[in-house]
Amino acid sequence: MKYQVQIFSQGPKIIELHWPEIIAEDILLEIITLKNIIENKWCLNISSIYHSYQILSIQLKEGAPTAAFIAWLQAVVQRPLPRRNLPQRWIWTIPVCYDPEVVPTQSKYLEEKKMDLETLVKYHTSQSFLLYFYGFLPGFMYLGGLPKQLHIARKKIPDRKIIQGSVAIGGSQTGIYPVDSPGGWYVVGKTPVAIFENGKINLPFNPGDKIQFAAISSQRYTEIQEGSIHDWEKKSYHG
Amino acid sequence: MGKLIFIKAGLFTTIQDSGRLDFVGKGIPLSGPMDEEAFHLANLLARKDPGAACLEIYMGNINLYFTENCQIVCTGANVKIEVDSKVYATNEIINVSAYSKLNLSSFSQGQWLYMAINGSFISEKVLGSQSFYPKITPLSKFSDNEILFYFSSPSLIPSDFAKIKPKVLPQMIFVPAYRGPSFASLSEEQQIALINTSFTLSTIQNRMGIHLIEKLKHELPELISSPVYPGTVQLTHAGKIIILMKDAQVTGGYHRILQLSVSGISRLSQLKPHSKFKFKLLEH
């Protein structure tokens with residue numbers, strides 16, 4: 001592997017692999033590749049496996065052979081990673097309505113930034129964003145790559161409620177609020193696709209994939225909102 | 001199918017099973033019982049799978065009405081259990097007849113109680129689990145007059161004479177914990193303070209986490225988000241200590257100084273606000 005990786009365990013059931021504390025795509029790809037290798041070999045012993053920017057976390061089941069697992073990990077992190085273990089990556093299109101009628105609170109962002117709507121939409125849809133991991137709220141994506149022009153300091157006093165489906169910007173990050181939540185980010189758009197519905201989670205995107213926001217009209221917004229299951233648009237991505 | 005009617009639902013009564021292990025990668029909290037040991041005991045006594053759905057009851061003061069015969073067992077917090085004015089203890093199988101009322105007064109010790117049924121509680125499984133969680137399951141807690149359906153198993157548990165005594169908490173409580181990733185970054189003095197201080201639980205606590213009153217001053221640098229778990233002891237920039245519990249988010253940006261063991265989480269969960277305890281370092 002390209003990076004030096006430390007193994008850190010917290011008791012016999014929580015084992016973590018620590019990469020250097022940097023936010024970088026090549027670290028993410030190493031994590032995803034290694035996660036895949038671990039899952040293939042140890043699935044029967046793993047109760048959960050997930051990661052953040054630079055930590056891969058494995059929780060073992062009761063009675064799993066912890067010592068053998070760690071010894072195996074130690075050997076694996078010394079070796080080069082086979083590229084074939086990186087899963088297929090996708091670029092997903094998420095429809096977002098930036099119409100002020102649908103997103104009235106958007107004006108706060110535009111006023112604070114002294115920006116017009118056209119510029120906001122241009123930058124927010126000009127490139128795709130890398131999905132690093134999910135966290136903070138159920139189904140909340142940590143996306144990287146927001147253009148500098150759109151960065152904005154988080155609100156000093158967070159809003160009591162940001163409505164589910166809101167697409168927002170805070171600091172150097174952008175993301176979708178999958179459920180209602182208090183938050184200090186500025187809402188800039190809304191996606192009509194419900195992420196939690198009828199006991200199902202509508203999030204086919206995996207870490208390593210890219211998210212492309214696409215501007216839609218308020219009419220299209222209503223159509224998608226009233227429609228049944230949303231068919232996500234995707235194309236393969238070879239980063 | 002029987003109906004369990006919550007005449008008085010209490011402060012925070014939910015259904016909990018073993019939680020949503022398969023969805024942490026999508027940012028879904030694990031959920032599950034605050035006191036896993038008591039939860040397992042309840043299911044064991046009710047002859048159920050260790051992860052079967054139980055009622056989780058916070059602080060007591062609840063009143064239930066059952067429309068069909070069933071057998072239940074309560075574990076965890078200590079409380080007087082009254083069924084139609086007959087009194088039972090925790091950890092004993094209670095035969096509840098149809099049209100009976102069950103009353104739990106306020107808990108004499110502990111905060112969380114588990115009620116298992118010889119049969120099953122019927123509620124929607126969302127993402128593989130019946131555990132309540134706001135926005136994921138239809139209910140986030142039971143309210144007064146709400147109805148829960150249940151199946152009563154036709155094979156009855158024989159009354160046995162061997163009994164498990166209710167738990168008695170010792171005077172000084174030790175909560176076992178492993179070193180977290182940031183433990184080594186603390187100075188020796190701070191490490192000693194963390195282990196020697198008798199900490200106090202604040203009133204800020206729920207199924208997501210518990211805040212402690214005493215602070216631990218430090219100059220550690222800020223971090224980027226990392227995975228967190230039930231039992232993760234977080235140290236905020238201002239030196240506040242927060243212990244994450246079962247409904248906590250799956251990632252967090254604070255320093256992780258300790259990680260409670262499974263029994264450490266169970267023990268801590270049963271301590272009421274203002275209780276004192278010490279961490280006990282575990283080696284592994």
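Residues numbered from 1 in each chain as written. Chains lettered and ligands numbered in written order. Predicted model: local features only at pLDDT ≥ 70, side-chain atom pairs only at ≥ 80, totals over all residues. Heavy atoms only, no water.

The helix and strand inventory of chain B stands at three helices and 21 strands. Structurally, chain B occupies a C-alpha span of about 60 × 40 × 35 Å along its principal axes. Counting only residues that meet the buried cut, chain B has 54% of its 284 residues in that class. Taking as baseline every contact in chain B between residues at least 6 positions apart, the subset at least 24 positions apart corresponds to 75%. For chain B, the accessible area works out to roughly 12,100 Å², and carbon and sulfur atoms hold 56% of it. In chain B, the 27 positive side-chain charges and the 22 negative ones have mean positions that sit 3 Å from each other. (Helix = DSSP H or I, 4+ residues; strand = E, 2+ residues; numbered from the N terminus. Buried < 20%, exposed > 50% of the residue type's maximum accessible area, 1.4 Å probe, protein only. Contact = heavy atoms within 4.5 Å. Areas by Shrake-Rupley, 256 points an atom, 1.4 Å probe, with all protein chains shown as cover. Lys, Arg positive; Asp, Glu negative; His and termini not counted. Charge placed at Lys NZ, Arg CZ, Asp CG, Glu CD.)

Quick look at the domain arrangement of chain A now. All names here are of chain A. By domain assignment, chain A separates into domain 1 (6–85) and domain 2 (89–237). Centre-to-centre, using C-alpha coordinates, domain 1 lies 30 Å away from domain 2. When the two sides are added together, the surface that domain 1 and domain 2 hide from each other amounts to roughly 790 Å², 65% of it contributed by carbon and sulfur. Three residues, Glu-25, Leu-28 and Tyr-53, lead the burial of domain 1 against domain 2; their summed loss comes to 58% of the area buried on that side. At the surface where domain 1 touches domain 2, the tally comes to one salt bridge. Salt-bridge contacts for Arg-89 lead to Glu-25; the nearest nitrogen and oxygen are separated by 2.8 Å. (Domains from an automatic or database assignment. Buried area = accessible area lost by both parts, 1.4 Å probe. Salt bridge = Lys/Arg side-chain N within 4 Å of Asp/Glu carboxyl O.)

Counting residues at the interface gives 33 residues for chain B, matched by 37 residues for chain A. Together, the buried faces of chain B and chain A total about 2,800 Å²; carbon and sulfur atoms form 63% of this surface. Among the residues chain B hides against chain A, the three largest losses belong to Lys-26, Ile-224 and Tyr-229 of chain B. Together they make up 24% of the total. Linking chain B to chain A there are one salt bridge. Between Arg-256 of chain B and Glu-16 of chain A there is a salt bridge, and its shortest N-O distance comes to 2.6 Å. Counting across the interface, chain B meets chain A through eleven residue pairs in polar contact (both at pLDDT 80 or more). Looking at the side of chain B that touches chain A, the elements with two or more residues in it are strand 13 (174–179), strand 16 (226–227) and strand 20 (255–260) of chain B. Among the residues forming the side of chain B that touches chain A, the class breakdown is 18 nonpolar, nine polar and six charged. (Polar contact = N/O pair within 3.5 Å; in protein donor to acceptor, adjacent residues only side chain to side chain. Nonpolar A, V, L, I, M, F, W, Y, C, P; charged D, E, K, R; others polar.)

Summed over all chains, the structure comprises one cavity of 30 Å³ or more. Volume-wise, the largest cavity comes out at about 60 Å³. Grouping the amino acids of the lining of the largest cavity by side-chain chemistry returns nine nonpolar, two polar and no charged. (1 Å grid on protein atoms, 1.4 Å probe; cavity = no way out; pocket = protein on both sides within 12 Å on 5 of 7 lines; lining within 4 Å. Points joined across faces, edges and corners; volume = space filled by probe spheres on them.)

Below, the discussion takes up the layout of surface pockets. Unoccupied space between atoms shows up once a probe the size of one water molecule is rolled over them. Here the second largest pocket defines a volume of roughly 830 Å³. In terms of lining residues, the second largest pocket is bounded by 32 residues, among which Lys-13, Ser-47 and Gln-59 of chain A together with Glu-36 and Val-262 of chain B are the most central. Looking at the lining of the second largest pocket, the elements with two or more residues in it are strand 4 (55–60) of chain A together with helix 1 (36–45), strand 20 and helix 3 (262–269) of chain B. The biggest single contributor to the lining of the second largest pocket is helix 1 of chain B, with four residues. Residue classes in the lining of the second largest pocket are distributed as 14 nonpolar, eleven polar and seven charged.

Counted under the stated rule, the structure contains 25 aromatic pairs over all chains. Relative to Tyr-177 of chain A, the ring of Phe-136 of chain A lies with its centre 6.4 Å away and its plane at 85 degrees, an arrangement referred to as edge-to-face. Taken together, the residues span a long stretch of sequence, with Phe-136 of chain A in the loop between strand 6 (129–134) and strand 7 (141–144) and Tyr-177 of chain A in the loop between strand 10 (173–176) and strand 11 (181–183) at a distance of 41 residues. Judged by relative accessible area, Tyr-177 of chain A falls into the buried class, the value being 1%. Ring geometry for Tyr-58 of chain B and Trp-112 of chain B: centres 4.6 Å apart, planes at 35 degrees, overall tilted. Residue Tyr-58 of chain B is located in strand 3 (residues 54–58), and its partner Trp-112 of chain B is located in strand 10 (residues 109–117); the two are separated by 54 residues in the primary sequence. Following the ring pairs from residue to residue traces out a cluster consisting of Tyr-53, Tyr-132, Phe-133, Phe-136, Phe-140, Tyr-142, Tyr-177 and Trp-185 of chain A. When the ring centre of Tyr-123 of chain A is taken as origin, the NZ or CZ atom of Lys-122 of chain A, which lies over that ring, is 4.9 Å away. (Phe/Tyr/Trp six-rings, centres within 6.5 Å; stacked < 30°, edge-to-face > 60°. Lys NZ or Arg CZ within 6 Å of the ring centre and 35° of its normal.)

Below, the discussion takes up the nonpolar core. Of all hydrophobic cores here, the largest spans 57 residues; its most connected members are Ile-94, Tyr-109, Met-141, Phe-205 and Phe-213 of chain A. The biggest single contributor to this core is strand 6 of chain A, with six residues. Built from parts of two domains, this core gets at least three residues from each of domain 1 (6–85) and domain 2 (89–237) of chain A. Non-local contacts of Phe-213 of chain A, meaning those with residues more than four positions away in its chain, are made with Ile-94, Val-96, Tyr-98, His-124, Thr-125, Phe-129, Leu-143, Val-167, Thr-174 and Ile-176 of chain A. Ranked by size, the runner-up nonpolar core spans 39 residues in total, among them Leu-201, Ile-210, Leu-220 and Leu-258 of chain B. (Core = buried A, V, L, I, M, F, W, Y, C linked by side-chain atoms within 4.5 Å.)

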